[in-house]
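Structure at a glance
Each chain, letter by letter, is given below.
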Amino acid sequence: MAYLGWLFVGLLLGFGLAFFFRTKSFASMNSFADDGQDGSPQLVAPLLKSHFKPTTASEITITERRFPFRMRADLQRTIDKVFGDEITIKHFFGVRSEYSHCAPTLTDCILESVNNPTYSIPPEYEELDLGDEHPLRVLKTGLWLLEADGVRFAVMLSPCGQYGQVTGMQFQIGVPLSSEGSQIAQRFFKQLEDAVARGESYRGKILSLEQAEHSYSGESNGITVHKLREVRREDVILPADTLTLLERNVIHFARNRNRLSELGMSKKKGILFYGPPGTGKTHTIHHLAGSLDEHTTILISAEQVGLLGEYMTLARLLQPSIVVMEDVDLIARERTSMESVCEEVLLNKLLNEMDGLKEDAEIFFILTTNRPEALEAALASRPGRVDQAIEFPLPDAEGRRKLVALYAPKGMLDDGLIDEVVRRTDGVSAAFIKEFMRRATQFSVERDENSRLIHADLDLALDEMLFKGGSLNRKLLGAGQDSIDS
């Protein structure tokens, strides 16, 4: 019996000590919150309570919207404009939970939690490269205490996702439970939705999606903005008929697209570039991207086809757009040559995306391949997916002469040597001639950095490119035959 008595006393003592330390801990946190004047972090709950006063927590309603993580540049620019212009900022700070690895919600901030309190901290930013002169600073997590038209409310921005993967940015707005509060929330979300729909941060640029979170520069990517080299029309060396076909089906079509739509014609179009390696397919794409500067160009590599759905969402959002998929035969080869169900799933995904575009979608699909014979017939032989195939042949004599003029150093090659280069490069690709001119120029510089190219420079360059590297080297450089007249 005495044993039970001592056990009861021990339990009472334990509960008493636990209550004492819990009360002391809560008091210390409240005193910590009061230390905000000396720069220390404050508890967020008292700040929110003071901001909304006399409105109580039970009279506040919280609404949230989630936006794609890759659109945070447009979201940031919107809140920079709205907060401080149309809305008064009473207080702004970053937010951190004491123990949680996940970003807190606005509800977490309102609750005066003893076990996992939220604190105000300096706001954290990261920089996004948008292809402009300076990167854009975007907020990672933040809480604004705001006022508009005499109504006080709060907005919280935080990352969101699943299984530890950040996939979006979440906005939560806490407003008084009233018609005025509801109107403020609806107006704020409408401004965010309009900003994402406009896509001004990326519209008209050259884009690709990046799965890596940060680049080697330390800047966050998500969407990478590319700067393609400028390619003028006179730098596109193709047969006249090929160039005419290209311009009618891309540049002229884009120019007349609206009138064609008024006449009931579809605005979307699929183009297939095919031909041997090095004949100028990628070079021409650079020209088209520069010529259609009002279009957003989206570059999809074969290994990123798993992101095709997100790429197409971006293409529809930022239309008019050009979707470029090079070496499409890697994922769209004939079904009987496929070795797994996964390969066929990727092919079906591509076909479904091309079929699923509405007739008023202002989207060009430009597909390239070096092996048109390997393509699945459902892609290459069906109008509505590919509307025009354009062959990029090996350059003829006139084309080779233009390529030499394009790639040879200005003033270093006389007319006689130009004729010799044209004669000796029959059957090679444009890429071969470009490298040939660079290699010959290197020999010239090594001989005498101020001299013009001579016959010996051409001999040395051809010998190195065609013979010393063997047949594999000739194939890599775009030589169309096993031997060239020397």
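Residues numbered from 1 in each chain as written. Predicted model: local features only at pLDDT ≥ 70, side-chain atom pairs only at ≥ 80, totals over all residues. Heavy atoms only, no water.

**Notes on the packing of aromatic side chains**
- By the definition in use, this model includes nine aromatic pairs.
- Relative to Phe-188, the ring of Phe-171 lies with its centre 5.8 Å away and its plane at 70°, an arrangement referred to as edge-to-face. Here Phe-171 is found in strand β7 (residues 165-176), whereas its partner Phe-188 is found in helix α5 (residues 179-198), with 17 residues between them in sequence. Exposure class is identical for Phe-171 and Phe-188. Each is buried.
- Between Phe-273 and Phe-392, the ring centres sit 4.8 Å apart and the planes meet at 50°, which makes this aromatic pair tilted. Of this pair, Phe-273 sits in strand β10 (residues 269-274) while Phe-392 sits in the loop between β14 (388-391) and α13 (397-407), and the two are 119 residues apart along the sequence. The pair Phe-273 / Phe-392 is uniform in exposure class, with both members buried.
- One aromatic cluster is present, formed by Phe-67, Phe-83, Phe-92, Trp-144, Phe-171, Phe-188 and Phe-189 through successive ring pairs. (Phe/Tyr/Trp six-rings, centres within 6.5 Å; stacked < 30°, edge-to-face > 60°. Helix = DSSP H or I, 4+ residues; strand = E, 2+ residues; numbered from the N terminus. Buried < 20%, exposed > 50% of the residue type's maximum accessible area, 1.4 Å probe, protein only.)

**So, the pairing of strand β5 (residues 136-148)**
- Most of β5 is tucked away: 10 of the 13 residues are buried.
- Looking at chain direction, strand β2 (residues 88-97) and β5 are connected through five bridges and run antiparallel. Opposite Phe-93, over in β5, you have Leu-143 as the bridge partner.
- Pairing geometry for strand β4 (residues 124-128) and β5, over five bridges, is antiparallel. By the bridge assignment for β5, Glu-127 is matched with Arg-137.
- Taken together, β5 and the strand that follows it, strand β6 (residues 151-162), pair antiparallel across an intervening segment of two residues, in which Asp-149 is found at a positive phi of about 55°. (Pairing = 2+ DSSP bridges.)

**Points about the environment of Glu-446**
- Here Glu-446 shows up in helix α15 (residues 430-447).
- In the structure, Glu-446 is positioned 11 residues away from Asp-457 in sequence and 10.0 Å away in space, judged by C-alpha atoms.

**A closer look at the environment of Ser-451**
- Of note, Ser-451 is situated in the loop between α15 and α16 (455-468).
- It is 9.7 Å that separates the C-alpha atoms of Ser-451 and Thr-441, two residues lying 10 residues apart in sequence.
- Setting aside chain neighbours within four positions, we find Ser-451 in contact with Met-412 and Ser-444. (Contact = heavy atoms within 4.5 Å.)

**With respect to the sheet that holds β14**
- With respect to topology, seven strands assemble into an open sheet ordered β9-β8-β11-β12-β13-β10-β14, the strand pairing being mixed. For this open sheet the edge positions go to β9 (223-226) and β14, each flanked by a neighbour on one side alone. Each adjacent strand pair in this sheet contributes to an overall mean axis angle of 25°, direction not counted.
- Alignment of strand β11 (residues 296-300) against strand β12 (residues 321-325), held across five bridges, turns out to be parallel. Residue pairing for β12: Thr-296 is matched across the bridge by Ser-321.
- Here helix α6 (residues 240-249) sits on the sheet and contacts β10, β13 (363-369) and β14; the angle it forms with β14, its principal contact strand, is near 150°.
- Helix-sheet contacts for helix α10 (residues 308-317) involve β8 (206-209), β9, β11, β12 and β13, and the interaxial angle to β11 is about 175°. (Axes fitted to C-alpha atoms, helices over the stretch in contact; angles between N-to-C directions.)

**Some details on the packing of α13 against α15**
- For the pair α13 and α15, the least separation of the axes is 9 Å and the interaxial angle reads 40°. The orientation of α13 with respect to α15, classified from their angle, is oblique. Of the two elements, α13 crosses α15, and the hand of that crossing is right-handed. Contacts between α13 and α15 involve Arg-400, Leu-403, Val-404 and Tyr-407 on the former and, on the latter, Ala-430, Ile-433, Lys-434 and Met-437.
- When grouped by side-chain class, the residues that make up the contact of α13 with α15 number six nonpolar, no polar and two charged. (Parallel < 35°, antiparallel > 145°, perpendicular 65-115°, else oblique. Left-handed = near helix turned anticlockwise from the far one by under 90°. Nonpolar A, V, L, I, M, F, W, Y, C, P; charged D, E, K, R; others polar.)

**As for the confidence of the model for the protein chain**
- Scored by pLDDT, the protein chain has a mean of 82; 84% of the residues are at 70 or more.
- Low pLDDT, under 50, characterises residues 17-35; the stretch is placed with 15 contacts to residues that sit more than four places away or in other chains.
- This model gives residues 482-486 a pLDDT under 50, and the stretch forms eight contacts once residues within four places in sequence are excluded. (pLDDT = per-residue confidence, 0-100.)

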